[in-house]
There are 2 protein chains.
Amino acid sequence: MIDHPRPRDEADFDLQPDHHFMRLALQQAVAAFEQDEVPVGAVIVHEGRVIGAAHNQRETLSDPTAHAEMLAITQAAEARSDWRLNGCTLYVTLEPCPMCAGALVNSRIDRVVYGALDPKAGAVHSLFTIGSDPRLNHRFAITPGVMQADCGAILTEFFRIKRSMGKK
Amino acid sequence: MIDHPRPRDEADFDLQPDHHFMRLALQQAVAAFEQDEVPVGAVIVHEGRVIGAAHNQRETLSDPTAHAEMLAITQAAEARSDWRLNGCTLYVTLEPCPMCAGALVNSRIDRVVYGALDPKAGAVHSLFTIGSDPRLNHRFAITPGVMQADCGAILTEFFRIKRSMGKK
């Protein structure tokens with residue numbers, strides 16, 4: 001069973017804003033799960049306001065670029081009418097892949113907070129350190145492991161069900 | 001002055017298909033130049049047929065993910081109604097950045113042909129070798145340097161004009 005994230009709690013928000021926004025990202029991951037998509041969710045926040053919120057839609061859109069982070073970046077840039085996301089923070093339930101880490105560099109975002117590590121494709125700590133590479137023209141702050149147990153559990157459950165159905 | 005790519009020549013196509021398709025990518029780069037976008041173009045080919053053709057539209061769309069390769073990938077996947085681009089080749093005038101190289105891995109494309117090297121952000125040879133990394137779950141063949149002089153010249157000219165106008 002997947003526990004749905006708790007609703008917003010103002011007191012909790014004041015004490016732990018990263019947890020608050022990661023819960024919103026996790027709500028997006030739950031929405032992906034319900035659509036039979038690999039359950040990853042992301043939100044982008046600017047000055048305490050959510051300006052992008054999306055979940056993985058690769059299968060639904062038949063688009064290999066439709067990861068949660070990419071869709072949230074495009075939404076946030078549209079909301080600001082500017083491709084530059086300086087001053088923004090992305091919250092995502094899984095460590096970004098090379099595509100998404102590269103997009104975050106290209107967006108000039110300030111900070112990335114993620115939940116579960118991705119040892120197979122993670123590109124900000126696990127396999128590459130895109131995001132902190134001094135050769136690239138932008139770097140961002142990274143906070144790993146926020147609500148990592150919940151963020152990882154929904155992925156584990158998704159792939160357990162897939163395996164039990166014989167779909168890999 | 002930027003020389004526009006020559007029109008399709010059937011005899012030339014038979015002898016040098018990579019040059020033929022790179023000329024189409026260069027036509028896309030010219031279209032970007034004319035819209036005051038960094039002039040990079042890309043096409044995706046499946047069994048000799050172009051199923052995606054795009055140029056950089058970062059400024060026009062206010063979207064940091066709107067690189068030529070990304071737009072071409074989304075078009076090609078839509079044309080096939082499948083996010084998997086196995087059997088396809090991407091032609092792009094500039095070495096892909098980490099975002100685009102990662103998207104090409106995610107798309108499971110067979111082959112990438114590029115024109116000019118990008119020593120500042122290139123991610124299939126210059127700074128990273130995404131695309132041939134055995135740790136990732138897909139690798140693709142890479143042919144560098146096809147029409148690199150023409151592909152590089154349009155970029156050099158674009159940035160020369162930008163500098164002369166005092167816009168960096």
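The sections below set out a description of the structure shown in this document.

Procedures and definitions
- Residues numbered from 1 in each chain as written.
- Chains lettered and ligands numbered in written order.
- Predicted model: local features only at pLDDT ≥ 70, side-chain atom pairs only at ≥ 80, totals over all residues.
- Heavy atoms only, no water.
- Phe/Tyr/Trp six-rings, centres within 6.5 Å; stacked < 30°, edge-to-face > 60°.
- Helix = DSSP H or I, 4+ residues; strand = E, 2+ residues; numbered from the N terminus.
- Buried < 20%, exposed > 50% of the residue type's maximum accessible area, 1.4 Å probe, protein only.
- Lys NZ or Arg CZ within 6 Å of the ring centre and 35° of its normal.
- Least-squares fit on C-alpha atoms with pLDDT ≥ 70 in both.
- Contact = heavy atoms within 4.5 Å.
- Axes fitted to C-alpha atoms, helices over the stretch in contact; angles between N-to-C directions.
- Parallel < 35°, antiparallel > 145°, perpendicular 65-115°, else oblique.
- Left-handed = near helix turned anticlockwise from the far one by under 90°.
- Nonpolar A, V, L, I, M, F, W, Y, C, P; charged D, E, K, R; others polar.
- Polar contact = N/O pair within 3.5 Å; in protein donor to acceptor, adjacent residues only side chain to side chain.
- Expected span 1.5 Å × (residues − 1).
- Salt bridge = Lys/Arg side-chain N within 4 Å of Asp/Glu carboxyl O.

Per the stated rule, a full pass over the model turns up 7 aromatic pairs over all chains. Judged by centre distance (5.3 Å) and plane angle (40°), the rings of F21 of chain A and Y91 of chain A are tilted. Of this pair, F21 of chain A sits in helix α2 (residues 17–34) while Y91 of chain A sits in strand β3 (residues 88–94), and the two are 70 residues apart along the sequence. Overall, F21 of chain A belongs to the buried group, its relative accessible area being 4%. An angle of 70° between the planes, with centres 5.9 Å apart, marks the rings of F33 of chain A and F158 of chain A as edge-to-face. Of this pair, F33 of chain A sits in helix α2 while F158 of chain A is found in helix α6 (residues 148–164), placing the two residues 125 residues apart along the sequence. One residue, R58 of chain A, lies across the ring of W83 of chain B, its end atom 3.8 Å from the ring centre. Its guanidinium or amino end placed over the ring of F128 of chain A, R135 of chain B lies 5.0 Å from that ring's centre, counting from NZ or CZ.

For the pair chain B and chain A, the relating rotation is 180°, the translation along its axis is 0.0 Å, and the fit reaches an RMSD of 0.0 Å. The superposition of one copy onto the other is thereby described by a two-fold rotation axis. Of the C-alpha atoms belonging to chain B, the one lying closest to the rotation axis is found on M99 of chain B, 1.9 Å away. With an isologous cut-off of 70% or more, the 100% of interface residues of chain B that recur at the interface of chain A puts this contact in the isologous class.

What follows covers the packing of helix α5 (residues 98–107) of chain A against helix α5 (residues 98–107) of chain B. At a minimum axis distance of 7 Å, the contact between α5 of chain A and α5 of chain B shows a crossing angle of 160°. Regarding the angle of α5 of chain A to α5 of chain B, the classification is roughly antiparallel. In the packing of α5 of chain A onto α5 of chain B, the handedness of the crossing is left-handed. Contact residues: α5 of chain A offers P98, M99, G102, A103 and N106 of chain A, while α5 of chain B offers P98, M99, G102, A103 and N106 of chain B. Here the contact of α5 of chain A with α5 of chain B is built from residues that sort into 6 nonpolar, 4 polar and no charged.

Residue and element names in this part refer to chain B. Following the sequence through the fold, D18 ends up in helix α2 (residues 17–34). For D18, the side chain forms a polar contact with the side chain of R111, separated by 2.6 Å. Those residues within four positions of D18 in sequence are excluded, and the remaining contacts are Y91, R111, V113, T143 and V146.

Moving on, we get to helix α6 (residues 148–164) of chain B. Residues and elements named next belong to chain B. The end-to-end C-alpha distance of α6 is 24 Å, a good match for the 24 Å that 17 residues give at a rise of 1.5 Å each. Residues of α6 that are buried: C151, G152, I154, L155, E157, F158 and K162. Looking at the packing, one finds that the buried side of α6 touches α2, β3 (88–94) and β4 (111–116). Note on α6: the residue one or two positions beyond its end, G166, has a positive phi of about 80°.

Moving on: the pattern of salt bridges. Residue and element names in this part refer to chain A. Scanning all chains against the criterion turns up 12 salt bridges over all chains. In this structure, E59 engages R58 in a salt bridge whose closest nitrogen and oxygen atoms are separated by 3.4 Å. Two residues, R135 and D133, come together in a salt bridge whose shortest N-O distance is 2.9 Å.

All names here are of chain B. Close contact between helix α4 (residues 68–80) and α5 brings their axes to 9 Å; oriented N to C, the two are set at 20°. Relative to α5, the element α4 is oriented roughly parallel. α4 and α5 meet at a crossing whose hand is left-handed. Residues E69, M70 and I73 of α4 touch α5, and the partners they reach there are M99, C100, A103, L104 and S107. Of the residues assigned to the contact of α4 with α5, the class counts are 6 nonpolar, 1 polar and 1 charged.

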